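# Descriptive analysis of the structure
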Amino acid sequence: MTKTNLAGRAGRWSANHWKTAFFGWLAFAIAAVAIGSAVGAKTISDSDTSNGESAKAEKILERAGFQEPAMESVLVQSRTHRVSDPAFKATIARTTEALNGLKDVEHVQRPQVAEDGHSALIQFDIAGKSDDADKKVGPMLKAVAAVDEAAPTGFRVEEFGLASANKELNDTLGKDFQKAEFTSLPVTLVILLLAFGALVAASLPVLLAFSAVLGSIGLYTLFTHVVPGDVETTSSVILMIGMAVGIDYSLFYLRREREERHEGLMPRAALLKTAATSGQAVLVSGLTVMIAMAGMLFAGNKIFTSLGFGASTVVLVSVVGSLSVLPALLAKLGDRVDKGRIPYVGRRKHDATESRVWAAVLRRVLARPRLAVLVSGGALLAATAPILTMHTKLPSFVDLPHSLPIVATYERVVDAFPGAPAPATVVIEADDVTSPQVQSQIAALKRQALASGKASKPITV
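About the cut-offs
- Residues numbered from 1 in each chain as written.
- Predicted model: local features only at pLDDT ≥ 70, side-chain atom pairs only at ≥ 80, totals over all residues.
- Heavy atoms only, no water.
- Patch = residues over 30% accessible without salt bridge, like charges linked within 9 Å, V, L, I, M, F, W, Y side chains within 5 Å.
- Areas by Shrake-Rupley, 256 points an atom, 1.4 Å probe, with all protein chains shown as cover.
- Salt bridge = Lys/Arg side-chain N within 4 Å of Asp/Glu carboxyl O.
- Lys, Arg positive; Asp, Glu negative; His and termini not counted.
- Charge placed at Lys NZ, Arg CZ, Asp CG, Glu CD.
- Helix = DSSP H or I, 4+ residues; strand = E, 2+ residues; numbered from the N terminus.
- Buried < 20%, exposed > 50% of the residue type's maximum accessible area, 1.4 Å probe, protein only.
- Contact = heavy atoms within 4.5 Å.
- Expected span 1.5 Å × (residues − 1).
- Core = buried A, V, L, I, M, F, W, Y, C linked by side-chain atoms within 4.5 Å.
- Axes fitted to C-alpha atoms, helices over the stretch in contact; angles between N-to-C directions.
- Parallel < 35°, antiparallel > 145°, perpendicular 65-115°, else oblique.
- Left-handed = near helix turned anticlockwise from the far one by under 90°.
- Nonpolar A, V, L, I, M, F, W, Y, C, P; charged D, E, K, R; others polar.
- Phe/Tyr/Trp six-rings, centres within 6.5 Å; stacked < 30°, edge-to-face > 60°.
- Pairing = 2+ DSSP bridges.

### Some words on a positive patch on the surface
- A contiguous patch of positive charge, built from Lys19, Lys332, Arg336 and Lys339, is present on the exposed surface.
- Within the element layout of this structure, arginine 336 appears in the loop between α10 (302-333) and α11 (345-350).
- On the accessibility criterion, arginine 336 (43% relative accessible area) is partly exposed.

What follows is the structure, given as structure tokens:
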């Protein structure tokens with residue numbers, strides 16, 4: 001038995017113990033999904049999504065036991081009627097009555113009137129913690145929608161707030177995730193059928209990648225009990241990265257194994273040679289990606305910690321699957337990996353041939369290596385030019401398509417009531433906030449805010 005590298009030894013062991021490798025992988029994926037679904041995930045609080053002074057202020061509120069309720073706003077608007085018109089007053093009254101009759105609605109305020117007289121804003125709080133408000137806002141959205149439907153022609157009644165925005169964001173991400181689950185597999189399978197020309201060979205990378213994604217999501221769910229995370233966003237990232245690297249690694253491995261067999265090697269010899277070469281390349285590539293993703297763990301924000309762990313986990317699981325499960329299945333299948341040959345396409349893909357395009361490129365690169373470095377380096381620098389105009393930000397509902405009603409409502413509220421959707425909160429922490437020194441500072445802050453002319457309503461303490 002010849003000495004080989006780590007990837008080669010993994011491939012050889014899997015080939016000799018294909019049942020252990022395959023059924024062990026299957027048990028891991030099923031157990032990870034089952035346990036993750038049973039225990040559920042822990043999501044980050046609002047204070048964990050902030051940075052800088054905002055994060056400090058929200059942490060102070062949490063330590064002090066303040067439960068800041070989520071505020072929602074209902075926009076009543078008409079381009080043809082003014083707030084003083086009887087029809088407008090009646091619409092406001094119906095809206096207020098509908099809100100007061102709901103279970104978790106508190107502190108329905110008197111309507112604010114816009115300067116143009118064609119818009120009114122009714123604000124209210126959702127009972128309980130703001131972190132849970134998106135789970136309670138559904139009945140309020142339905143009640144406001146019912147008032148809007150019954151309103152006279154020319155009136156618009158619609159709701160906006162952090163709770164309704166978060167609900168829309170989570171619903172949209174959930175739908176996108178489900179859509180990706182149902183569309184990515186068949187589309188990817190068709191592409192691989194064209195690449196391999198055989199059904200069995202094309203199915204292996206897809207099934208392996210998808211099982212790696214499911215197992216990784218289960219592992220990430222367990223991780224949130226140690227460090228709560230942004231579950232929706234991270235699950236989407238795991239799906240995208242997992243399908244990409246899982247298929248890429250498996251495709252690279254499988255294609256090399258087929259080429260070795262088609263060059264004349266017996267199936268086992270071709271598999272062991274592939275494990276020691278392409279398998280080692282997969283291992284190094286996976287470790288490189290994991291190191292790069294691990295940089296997010298040091299960003300100091302739990303959203304990035306969540307993304308970093310999720311991405312690193314799915315890459316690691318994909319590498320393990322490519323180095324163990326794939327060679328186990330190839331050892332079992334042998335030449336049967338080419339079963340399900342696609343007519344015409346399968347015939348062309350069966351024989352290993354050198355790519356004329358890449359062979360021509362390689363000859364020119366080796367003939368003039370310095371020029372090749374300058375040209376390729378210049379192209380890479382040109383490709384990085386957009387970095388100069390990039391800026392970082394946290395994910396928000398405003399990143400959603402403007403065709404969504406919640407985004408359009410937000411824009412109309414901002415146009416009619418600048419600053420209304422996001423009131424400013426100043427948090428002060430001291431040994432005794434009732435002391436004369438602290439009270440004088442609070443009074444100075446209030447005078448400064450009023451003097452700026454940007455305070456849209458009376459300041460409360």
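### What about the side chain of glutamate 260?
- Tracing the chain through its elements places glutamate 260 in helix α8 (residues 231-262).
- Its relative accessible area of 9% is what places glutamate 260 among the buried residues.
- With residues near it in sequence (within four places) discarded, glutamate 260 still touches Leu265, Ala270, Lys273 and Thr274.

### Observations regarding the environment of valine 337
- Assignment of secondary structure puts valine 337 in the loop between α10 and α11.
- We classify valine 337 as buried; its relative accessible area is 0%.
- Spatially, the C-alpha atoms of valine 337 and alanine 202 are 9.1 Å apart, while their sequence positions differ by 135 residues.
- When near neighbours in sequence (up to four residues on either side) are disregarded, valine 337 contacts Ala198, Val200, Ala201, Leu204, Leu254, Arg261 and Leu330.

### A few points about helix α13 (residues 369-383)
- Compared with an ideal rise of 1.5 Å per residue, which puts 15 residues at 21 Å, α13 spans 21 Å between its outermost C-alpha atoms and is within 8% of the ideal.
- For α13, the tally of buried residues reaches only 0 of 15 residues, placing the bulk of the element at the surface.

### Points about the nonpolar core
- If you look at the biggest cluster of nonpolar residues, it comprises 49 residues, and the most contacted ones within it are Val213, Ile241, Met243, Tyr253, Val315, Leu323 and Leu330.
- Every element with two or more residues in this core is listed here: α1 (6-16), α6 (162-196), α7 (199-223), α8, α9 (267-294) and α10.
- With residues up to four places along the chain from it excluded, the contact list for valine 315 reads Ile241, Val245, Tyr249, Gly286, Val289 and Met290.
- Judged by nonpolar contacts, the second largest core, of 21 residues, contains Ala70, Ala120, Val144 and Ala163.

### A short note on the packing of α1 against α9
- Closest axis-to-axis distance for the α1/α9 pair is 7 Å, and the angle between their directions is 135 degrees. When the axis of α1 is compared with that of α9, the two are oblique. Taken as a pair, α1 and α9 cross one another with a handedness that is right-handed. Between α1, through Leu6, Ala7, Gly8, Gly11, Arg12, Ala15 and Asn16, and α9, the contact on the second element is made entirely by Arg268, Leu271, Leu272, Ala275, Ala276, Gly279, Gln280 and Leu283.
- For the contact of α1 with α9, the per-class residue count stands at 8 nonpolar, 5 polar and 2 charged.

### Focus: unusual backbone geometry
- Positive phi is not limited to glycine here, since histidine 107 has a value of about 55 degrees.
- Among the residues examined, histidine 107 registers a relative accessible area of 56% and is labelled exposed.

### A word on the packing of aromatic side chains
- Using the criterion set out here, one finds 6 aromatic pairs in the structure.
- Aromatic side chains tryptophan 25 and phenylalanine 28 sit 5.7 Å apart centroid to centroid with 55 degrees between the ring planes, which places their arrangement in the tilted category. One end of the pair is tryptophan 25 and the other is phenylalanine 28, both in helix α2 (residues 18-39) and 3 residues apart, which spans about a single turn.
- Taking the relative accessible area as the measure of exposure, tryptophan 25 reaches 10% and is therefore buried.
- Taking 5.0 Å as the distance between ring centres and 50 degrees as the angle between the ring planes, the aromatic pair formed by phenylalanine 160 and tyrosine 410 counts as tilted. Placement of phenylalanine 160 in strand β5 (residues 155-161) and of tyrosine 410 in helix α14 (residues 405-416) is noted, with a sequence separation of 250 residues between them.

### A look at the pairing of β5
- The buried count for β5 comes to 6 of 7 residues, which makes it a mostly enclosed element.
- As paired strands, strand β1 (residues 70-78) and β5 are joined by 7 bridges and run antiparallel to one another. Bridging across to β5, serine 73 finds its partner in phenylalanine 160.

### Things to note about the pattern of salt bridges
- Using the criterion set out here, one finds 7 salt bridges in the structure.
- A cluster of three or more residues bridged by salt bridges with shared partners is formed by Arg156, Glu158 and Arg412.

### Observations concerning α14
- Under the 1.5 Å per step criterion, the end-to-end length of α14 is 17 Å for 12 residues, consistent within 8% with the ideal 16 Å.
- Those residues of α14 lying buried are Ile406, Val407, Ala408, Thr409, Val413 and Ala416.

Remember, this is a structural readout, not a statement about activity or role.
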